[in-house]
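Letter by letter, the chains look like this.
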Amino acid sequence: MGGAYEVTGSAVKKYYSIAGMMVATQDASGLQYLLTDHLGSTVAVTNSSGTLTSQQRYLPFGAPRTIPNSPILGTDFGYTGQRLLDSGMGGIMDYKARFYSPCIMQFHQPDRLIPEPYNPQSLNRYSYVRNNPIRYNDPSGNVPIDCYDGSRYCRPTPKLVSRPEWGASEPGSIEPLPNAPFDEPYYSVDRPDGYQPYSGSLEDTLDTIVIHHEGDEESMSVKDLQRIEMERGFYDLPYHFIVGQDGTIYEGRLIAVRGAHVPGFNTGKIGILWVGDFSPGLEADPTALDPSGDDPSPTLNQINATKTLIVWLDDLYGIDGVAAHIDYGGTVCPGANAIPSVNQLKIFAQNLR
Ligand SMILES: [Zn+2]
(Lines give C-alpha, C1' and ligand atoms only; values in the text may rest on other atoms or scores of the structure.)
Protein backbone atom coordinates (compact mmCIF):
# COMPACT_ATOMS: atom_id res chain seq x y z
CA MET A 1 0.00 0.00 0.00
CA GLY A 2 1.56 3.27 -1.11
CA GLY A 3 2.06 5.69 1.75
CA ALA A 4 1.33 3.08 4.44
CA TYR A 5 3.42 -0.06 3.97
CA GLU A 6 5.76 -0.32 1.02
CA VAL A 7 8.10 -3.10 -0.05
CA THR A 8 10.91 -2.37 -2.49
CA GLY A 9 12.87 -5.56 -3.14
CA SER A 10 13.36 -6.83 0.39
CA ALA A 11 13.27 -3.39 2.02
CA VAL A 12 10.16 -2.50 4.01
CA LYS A 13 9.16 1.11 4.71
CA LYS A 14 6.27 1.90 7.05
CA TYR A 15 4.43 5.21 7.31
CA TYR A 16 2.49 6.45 10.33
CA SER A 17 -0.31 9.00 10.11
CA ILE A 18 -2.44 10.88 12.60
CA ALA A 19 -5.67 12.51 11.38
CA GLY A 20 -4.64 12.05 7.76
CA MET A 21 -1.27 13.75 8.19
CA MET A 22 1.87 11.67 7.86
CA VAL A 23 3.98 12.11 10.98
CA ALA A 24 6.64 9.38 10.91
CA THR A 25 8.33 6.72 8.79
CA GLN A 26 10.31 3.65 9.70
CA ASP A 27 12.69 1.63 7.59
CA ALA A 28 16.04 -0.11 8.03
CA SER A 29 17.63 3.23 8.96
CA GLY A 30 15.26 3.66 11.91
CA LEU A 31 12.30 5.79 12.93
CA GLN A 32 12.08 9.32 11.54
CA TYR A 33 9.60 12.06 12.39
CA LEU A 34 8.25 14.36 9.68
CA LEU A 35 7.43 17.94 10.70
CA THR A 36 5.02 19.98 8.62
CA ASP A 37 3.90 23.55 8.06
CA HIS A 38 0.32 24.88 7.88
CA LEU A 39 -0.17 23.43 4.38
CA GLY A 40 1.00 19.98 5.47
CA SER A 41 4.30 20.33 3.59
CA THR A 42 7.14 18.31 5.07
CA VAL A 43 9.65 20.94 6.18
CA ALA A 44 11.91 18.95 8.50
CA VAL A 45 12.89 15.39 9.36
CA THR A 46 14.22 14.34 12.75
CA ASN A 47 15.55 11.03 14.00
CA SER A 48 13.88 9.11 16.80
CA SER A 49 15.59 11.22 19.47
CA GLY A 50 14.38 14.47 17.91
CA THR A 51 17.62 15.61 16.31
CA LEU A 52 17.11 17.45 13.03
CA THR A 53 18.56 15.37 10.20
CA SER A 54 17.38 17.31 7.15
CA GLN A 55 15.03 20.10 6.21
CA GLN A 56 13.62 21.97 3.25
CA ARG A 57 11.36 24.87 2.45
CA TYR A 58 9.23 25.56 -0.60
CA LEU A 59 8.52 28.38 -2.99
CA PRO A 60 4.81 29.30 -3.04
CA PHE A 61 3.92 26.77 -5.76
CA GLY A 62 6.03 24.00 -4.31
CA ALA A 63 9.44 24.15 -5.95
CA PRO A 64 12.06 23.31 -3.30
CA ARG A 65 14.02 26.17 -1.77
CA THR A 66 17.57 25.33 -0.77
CA ILE A 67 18.47 26.01 2.87
CA PRO A 68 21.09 24.47 5.19
CA ASN A 69 20.59 20.70 5.60
CA SER A 70 18.33 20.52 2.54
CA PRO A 71 16.89 18.65 0.71
CA ILE A 72 14.85 16.47 3.04
CA LEU A 73 16.01 12.88 3.15
CA GLY A 74 14.20 9.66 3.88
CA THR A 75 10.85 10.67 2.39
CA ASP A 76 9.47 11.74 -0.96
CA PHE A 77 6.32 13.19 0.63
CA GLY A 78 7.10 16.90 0.45
CA TYR A 79 5.10 19.94 -0.63
CA THR A 80 1.60 19.90 0.96
CA GLY A 81 2.33 16.33 2.04
CA GLN A 82 2.01 14.99 -1.53
CA ARG A 83 4.45 12.60 -3.13
CA LEU A 84 7.16 13.63 -5.55
CA LEU A 85 7.15 10.95 -8.26
CA ASP A 86 9.96 12.29 -10.39
CA SER A 87 12.29 15.19 -9.75
CA GLY A 88 13.20 15.66 -13.42
CA MET A 89 11.66 18.48 -15.47
CA GLY A 90 10.99 20.53 -12.32
CA GLY A 91 9.22 17.65 -10.62
CA ILE A 92 6.01 15.70 -11.08
CA MET A 93 3.84 15.28 -7.99
CA ASP A 94 1.08 12.79 -7.35
CA TYR A 95 -2.02 14.71 -6.18
CA LYS A 96 -4.09 11.49 -6.32
CA ALA A 97 -6.74 12.62 -8.83
CA ARG A 98 -4.14 14.39 -10.97
CA PHE A 99 -0.45 15.07 -11.43
CA TYR A 100 0.89 18.48 -10.53
CA SER A 101 4.01 20.32 -11.64
CA PRO A 102 5.55 22.82 -9.19
CA CYS A 103 7.63 24.05 -12.13
CA ILE A 104 4.79 25.16 -14.41
CA MET A 105 2.56 25.75 -11.31
CA GLN A 106 -0.35 23.88 -12.88
CA PHE A 107 -1.89 20.44 -12.95
CA HIS A 108 -1.06 18.24 -15.92
CA GLN A 109 -4.70 17.24 -16.33
CA PRO A 110 -7.82 19.40 -16.13
CA ASP A 111 -10.08 19.21 -13.09
CA ARG A 112 -12.95 16.80 -13.65
CA LEU A 113 -15.27 19.13 -11.81
CA ILE A 114 -15.47 22.86 -11.21
CA PRO A 115 -15.76 23.14 -7.45
CA GLU A 116 -16.87 26.76 -7.33
CA PRO A 117 -18.43 27.74 -10.69
CA TYR A 118 -19.10 31.35 -9.69
CA ASN A 119 -15.46 31.94 -8.80
CA PRO A 120 -13.69 32.85 -12.05
CA GLN A 121 -10.45 31.43 -10.64
CA SER A 122 -12.00 27.93 -10.78
CA LEU A 123 -12.81 28.20 -14.49
CA ASN A 124 -9.21 27.51 -15.45
CA ARG A 125 -9.37 23.77 -14.89
CA TYR A 126 -5.57 23.38 -14.88
CA SER A 127 -4.88 26.03 -12.26
CA TYR A 128 -3.61 25.01 -8.85
CA VAL A 129 -5.72 26.03 -5.77
CA ARG A 130 -7.10 29.11 -7.54
CA ASN A 131 -3.52 30.42 -7.77
CA ASN A 132 -3.50 31.04 -4.03
CA PRO A 133 -0.99 28.42 -2.84
CA ILE A 134 -0.05 30.06 0.45
CA ARG A 135 -3.58 29.72 1.75
CA TYR A 136 -4.93 26.54 0.11
CA ASN A 137 -3.80 23.01 -0.48
CA ASP A 138 -5.47 20.27 -2.48
CA PRO A 139 -5.32 16.92 -0.68
CA SER A 140 -7.46 15.08 -3.25
CA GLY A 141 -6.44 16.86 -6.44
CA ASN A 142 -10.09 17.86 -6.91
CA VAL A 143 -10.96 20.64 -4.46
CA PRO A 144 -8.82 23.39 -2.88
CA ILE A 145 -8.98 23.33 0.93
CA ASP A 146 -8.60 26.48 2.99
CA CYS A 147 -5.72 25.85 5.38
CA TYR A 148 -6.31 29.07 7.31
CA ASP A 149 -9.86 28.10 8.26
CA GLY A 150 -9.88 27.25 11.94
CA SER A 151 -6.13 27.57 12.06
CA ARG A 152 -4.14 30.06 14.04
CA TYR A 153 -4.40 32.56 11.20
CA CYS A 154 -8.12 33.22 11.53
CA ARG A 155 -8.78 32.91 15.22
CA PRO A 156 -10.93 35.62 16.76
CA THR A 157 -9.36 38.67 18.33
CA PRO A 158 -10.91 39.15 21.77
CA LYS A 159 -12.73 42.38 22.47
CA LEU A 160 -10.62 44.27 24.98
CA VAL A 161 -11.65 47.27 27.03
CA SER A 162 -8.57 49.39 26.49
CA ARG A 163 -6.88 51.48 29.16
CA PRO A 164 -8.28 54.78 27.79
CA GLU A 165 -11.74 53.19 27.64
CA TRP A 166 -11.76 52.28 31.32
CA GLY A 167 -10.02 55.49 32.32
CA ALA A 168 -6.67 54.13 33.46
CA SER A 169 -4.33 56.35 35.43
CA GLU A 170 -0.83 56.78 34.04
CA PRO A 171 1.76 54.38 35.51
CA GLY A 172 3.44 55.96 38.52
CA SER A 173 0.81 58.69 38.85
CA ILE A 174 -0.67 57.49 42.18
CA GLU A 175 1.49 57.71 45.31
CA PRO A 176 1.74 54.56 47.45
CA LEU A 177 0.19 54.88 50.91
CA PRO A 178 2.63 55.20 53.85
CA ASN A 179 3.92 51.74 54.82
CA ALA A 180 2.71 50.28 51.52
CA PRO A 181 3.54 46.56 51.44
CA PHE A 182 5.11 46.69 47.97
CA ASP A 183 7.76 48.90 46.45
CA GLU A 184 7.89 48.85 42.68
CA PRO A 185 9.52 52.02 41.42
CA TYR A 186 10.40 52.73 37.83
CA TYR A 187 13.37 50.69 36.65
CA SER A 188 16.85 51.96 37.44
CA VAL A 189 20.26 50.32 37.65
CA ASP A 190 19.81 50.12 41.44
CA ARG A 191 16.25 48.78 41.04
CA PRO A 192 16.39 46.16 38.29
CA ASP A 193 13.01 44.78 39.37
CA GLY A 194 11.28 48.07 38.66
CA TYR A 195 8.64 48.86 36.09
CA GLN A 196 10.40 48.28 32.81
CA PRO A 197 9.50 47.58 29.17
CA TYR A 198 11.15 44.41 27.90
CA SER A 199 14.24 45.01 25.79
CA GLY A 200 14.02 41.91 23.55
CA SER A 201 11.23 40.83 21.21
CA LEU A 202 8.00 39.92 22.97
CA GLU A 203 7.76 36.70 20.97
CA ASP A 204 11.09 35.55 22.41
CA THR A 205 10.36 36.85 25.92
CA LEU A 206 6.77 35.98 26.77
CA ASP A 207 6.29 32.30 27.57
CA THR A 208 3.68 31.57 30.26
CA ILE A 209 0.23 32.83 31.23
CA VAL A 210 -0.30 32.96 35.01
CA ILE A 211 -3.83 33.06 36.46
CA HIS A 212 -4.66 35.05 39.62
CA HIS A 213 -7.73 36.16 41.54
CA GLU A 214 -8.50 39.27 43.49
CA GLY A 215 -11.52 41.03 44.93
CA ASP A 216 -14.71 39.52 46.24
CA GLU A 217 -17.25 41.81 44.65
CA GLU A 218 -18.08 41.46 41.01
CA SER A 219 -18.86 45.16 41.00
CA MET A 220 -15.24 46.13 41.70
CA SER A 221 -14.19 48.40 38.84
CA VAL A 222 -10.84 48.05 37.16
CA LYS A 223 -10.17 51.71 37.92
CA ASP A 224 -10.67 51.02 41.66
CA LEU A 225 -8.49 47.95 41.36
CA GLN A 226 -5.71 49.97 39.72
CA ARG A 227 -5.88 52.64 42.43
CA ILE A 228 -5.77 50.04 45.21
CA GLU A 229 -2.77 48.26 43.64
CA MET A 230 -0.87 51.51 43.11
CA GLU A 231 -1.61 52.56 46.70
CA ARG A 232 -0.18 49.19 47.77
CA GLY A 233 3.06 50.19 46.05
CA PHE A 234 2.83 48.89 42.48
CA TYR A 235 3.81 51.27 39.72
CA ASP A 236 0.72 50.24 37.73
CA LEU A 237 -1.71 47.32 37.75
CA PRO A 238 0.51 44.29 38.35
CA TYR A 239 -1.45 42.13 35.85
CA HIS A 240 -1.66 42.41 32.06
CA PHE A 241 -5.33 41.52 31.72
CA ILE A 242 -8.32 41.55 34.04
CA VAL A 243 -11.28 39.29 33.29
CA GLY A 244 -14.54 40.26 34.99
CA GLN A 245 -17.13 37.71 36.09
CA ASP A 246 -19.26 38.65 33.06
CA GLY A 247 -16.35 37.78 30.74
CA THR A 248 -15.33 41.35 29.94
CA ILE A 249 -11.59 41.57 29.30
CA TYR A 250 -9.78 44.73 30.40
CA GLU A 251 -6.32 45.77 29.31
CA GLY A 252 -4.10 46.00 32.40
CA ARG A 253 -0.38 46.69 32.54
CA LEU A 254 0.97 47.08 29.00
CA ILE A 255 1.92 43.69 27.58
CA ALA A 256 5.33 45.09 26.58
CA VAL A 257 6.16 45.76 30.25
CA ARG A 258 7.22 43.06 32.70
CA GLY A 259 4.46 42.23 35.17
CA ALA A 260 4.62 42.24 38.98
CA HIS A 261 2.51 39.22 39.90
CA VAL A 262 4.86 36.25 40.50
CA PRO A 263 7.72 37.46 42.71
CA GLY A 264 11.05 36.22 41.39
CA PHE A 265 9.53 34.79 38.19
CA ASN A 266 7.99 37.82 36.50
CA THR A 267 10.09 37.90 33.35
CA GLY A 268 8.15 36.34 30.48
CA LYS A 269 4.95 35.85 32.52
CA ILE A 270 1.65 37.28 31.30
CA GLY A 271 -0.56 37.95 34.33
CA ILE A 272 -4.32 37.41 33.97
CA LEU A 273 -6.53 38.37 36.92
CA TRP A 274 -9.92 36.79 37.45
CA VAL A 275 -12.08 39.12 39.48
CA GLY A 276 -13.47 37.16 42.43
CA ASP A 277 -12.40 35.26 45.51
CA PHE A 278 -12.24 31.53 44.90
CA SER A 279 -11.05 30.44 48.32
CA PRO A 280 -13.40 27.87 49.89
CA GLY A 281 -15.48 28.82 52.87
CA LEU A 282 -16.46 32.36 51.92
CA GLU A 283 -19.81 33.85 52.82
CA ALA A 284 -22.25 33.93 49.96
CA ASP A 285 -22.39 37.31 48.25
CA PRO A 286 -25.96 37.82 47.01
CA THR A 287 -24.84 40.68 44.74
CA ALA A 288 -22.27 38.55 42.92
CA LEU A 289 -23.01 37.18 39.46
CA ASP A 290 -22.27 33.74 40.86
CA PRO A 291 -24.06 33.81 44.25
CA SER A 292 -23.53 30.08 44.61
CA GLY A 293 -23.00 30.08 48.35
CA ASP A 294 -19.88 29.40 50.28
CA ASP A 295 -17.63 28.22 47.51
CA PRO A 296 -17.77 30.55 44.50
CA SER A 297 -15.92 29.40 41.40
CA PRO A 298 -14.83 31.27 38.26
CA THR A 299 -17.81 31.85 35.99
CA LEU A 300 -18.20 30.16 32.62
CA ASN A 301 -17.98 33.59 31.00
CA GLN A 302 -14.67 34.18 32.74
CA ILE A 303 -13.24 30.85 31.61
CA ASN A 304 -14.43 31.25 28.01
CA ALA A 305 -13.09 34.80 27.77
CA THR A 306 -9.76 33.54 29.08
CA LYS A 307 -9.68 30.83 26.42
CA THR A 308 -10.10 33.48 23.72
CA LEU A 309 -7.32 35.45 25.34
CA ILE A 310 -5.01 32.41 25.48
CA VAL A 311 -5.55 31.62 21.79
CA TRP A 312 -4.92 35.23 20.79
CA LEU A 313 -1.80 35.57 22.94
CA ASP A 314 -0.49 32.27 21.61
CA ASP A 315 -0.95 33.50 18.04
CA LEU A 316 0.87 36.73 18.80
CA TYR A 317 3.68 35.54 21.04
CA GLY A 318 3.81 31.73 21.05
CA ILE A 319 2.82 30.75 24.59
CA ASP A 320 4.33 27.62 26.17
CA GLY A 321 1.58 27.09 28.70
CA VAL A 322 -0.75 28.25 31.46
CA ALA A 323 0.00 28.21 35.20
CA ALA A 324 -1.73 29.15 38.44
CA HIS A 325 -0.02 31.63 40.76
CA ILE A 326 0.19 28.89 43.41
CA ASP A 327 2.42 26.87 41.04
CA TYR A 328 5.19 29.36 41.93
CA GLY A 329 4.62 28.95 45.68
CA GLY A 330 4.02 31.32 48.57
CA THR A 331 0.28 31.88 47.99
CA VAL A 332 -3.13 30.23 47.72
CA CYS A 333 -3.95 32.43 44.71
CA PRO A 334 -6.11 31.91 42.62
CA GLY A 335 -7.98 29.95 45.32
CA ALA A 336 -8.71 26.24 45.56
CA ASN A 337 -12.06 26.58 43.79
CA ALA A 338 -10.31 28.04 40.72
CA ILE A 339 -7.74 25.27 40.39
CA PRO A 340 -9.98 22.88 38.38
CA SER A 341 -10.65 25.73 35.91
CA VAL A 342 -6.94 26.54 35.63
CA ASN A 343 -6.19 22.85 35.06
CA GLN A 344 -8.77 22.85 32.29
CA LEU A 345 -7.01 25.84 30.70
CA LYS A 346 -3.61 24.14 31.02
CA ILE A 347 -4.90 21.26 28.88
CA PHE A 348 -6.62 23.70 26.53
CA ALA A 349 -3.32 25.53 25.95
CA GLN A 350 -1.38 22.30 25.40
CA ASN A 351 -3.84 21.26 22.70
CA LEU A 352 -3.42 24.48 20.73
CA ARG A 353 -0.40 23.08 18.96
ZN1 LIG B 1 -1.87 35.85 42.40
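Residues numbered from 1 in each chain as written. Predicted model: local features only at pLDDT ≥ 70, side-chain atom pairs only at ≥ 80, totals over all residues.

(A) Focus on the packing of helix H4 (residues 300–317) against helix H5 (residues 339–350). In the contact formed by H4 and H5, the axes pass within 11 Å of each other and the chain directions differ by 30 degrees. Judged on the interaxial angle alone, H5 and H4 are roughly parallel. Between H4 and H5 the crossing geometry is right-handed. From H4, Ile303, Thr306, Lys307 and Ile310 reach across to H5, where they touch Ser341, Leu345, Phe348 and Ala349. Residues that form the contact of H4 with H5 fall into these classes: 5 nonpolar, 2 polar and 1 charged. (Axes fitted to C-alpha atoms, helices over the stretch in contact; angles between N-to-C directions. Helix = DSSP H or I, 4+ residues; strand = E, 2+ residues; numbered from the N terminus. Parallel < 35°, antiparallel > 145°, perpendicular 65-115°, else oblique. Left-handed = near helix turned anticlockwise from the far one by under 90°. Contact = placed C-beta atoms within 7 Å. Nonpolar A, V, L, I, M, F, W, Y, C, P; charged D, E, K, R; others polar.)

(B) Structural context of helix H3 (residues 222–231). The complete set of buried residues in H3 reads Val222, Leu225, Gln226, Glu229 and Met230. Buried positions in H3, seen along its axis, are confined to an arc of 125 degrees and lie on one side of it. The elements touched by buried residues of H3 are helix H1 (163–166), strand E17 (241–243) and strand E18 (249–251). In the stretch just after H3, Gly233 is the one whose phi turns positive, near 115 degrees. (Buried ≥ 20, exposed ≤ 12 C-beta atoms within 10 Å, placed from the backbone. Arc of directions from axis to C-beta.)

(C) How the structure looks around the nonpolar core. Core analysis: the biggest nonpolar cluster contains 31 residues, and Ile209, Ile211, Phe241, Ile242, Val243, Ile272 and Ile310 have the highest contact counts within it. Of all elements in the fold, only strand E16 (208–214), H3, E17, E18, strand E19 (269–275), H4, strand E20 (321–324) and H5 reach the threshold of two or more residues within this core. Considering every element that reaches this core, the biggest residue donor is E19, with 5 residues. Apart from the residues lying within four places of it in its own chain, the contact partners of Phe241 are Ile249, Tyr250, Glu251, Gly252, Ile272 and Leu309. Ranked by size, the runner-up nonpolar core spans 7 residues in total, among them Tyr79, Met93, Tyr100 and Tyr128. (Core = buried A, V, L, I, M, F, W, Y, C linked by C-beta atoms within 7 Å.)

(D) Quick peek at the sheet that holds E18. The 6 strands lie next to each other as E15-E18-E17-E19-E16-E20, forming an open sheet whose pairing is mixed. Where the open sheet ends on each side, the last strands, each with one partner, are strand E15 (160–161) and E20. In this sheet, E19 lies alongside E16 in parallel orientation, the contact comprising 7 bridges. Across the sheet, Glu214 pairs through a bridge with Val275, a residue of E19. Where H5 meets the sheet, it contacts E16 and E20, and its direction lies at approximately 165 degrees from that of E20. (Pairing = 2+ DSSP bridges.)

(E) The arrangement of the pairing of E20 in detail. Burial along E20 is one-sided: the face carrying Val322 and Ala324 is buried and the face carrying Gly321 and Ala323 is not. Where E16 lies against E20, 4 bridges are found, and the strand directions are parallel. In the sheet register, Thr208 faces E20, and the bridge partner there is Gly321.

(F) Structural detail: the pairing of strand E5 (residues 42–47). The pairing of strand E4 (residues 30–36) with E5 spans 5 bridges and is classified as antiparallel. Following the sheet pairing, Leu35 is matched in E5 by Ala44. Here E4 folds back onto E5 in antiparallel fashion, the turn holding 5 residues, of which Gly40 has a positive phi close to 90 degrees. In terms of strand pairing, E5 meets strand E6 (residues 52–55) through 3 bridges, oriented antiparallel. When the sheet's bridge partners are listed, Thr46 is paired in E6 with Leu52.

(G) Structural view of the environment of Leu73. Along the chain, Leu73 falls in the loop between strand E8 (64–65) and strand E9 (83–86). Residue contacts for Leu73: discarding those within four places in its chain leaves Val45, Thr53 and Ser54.

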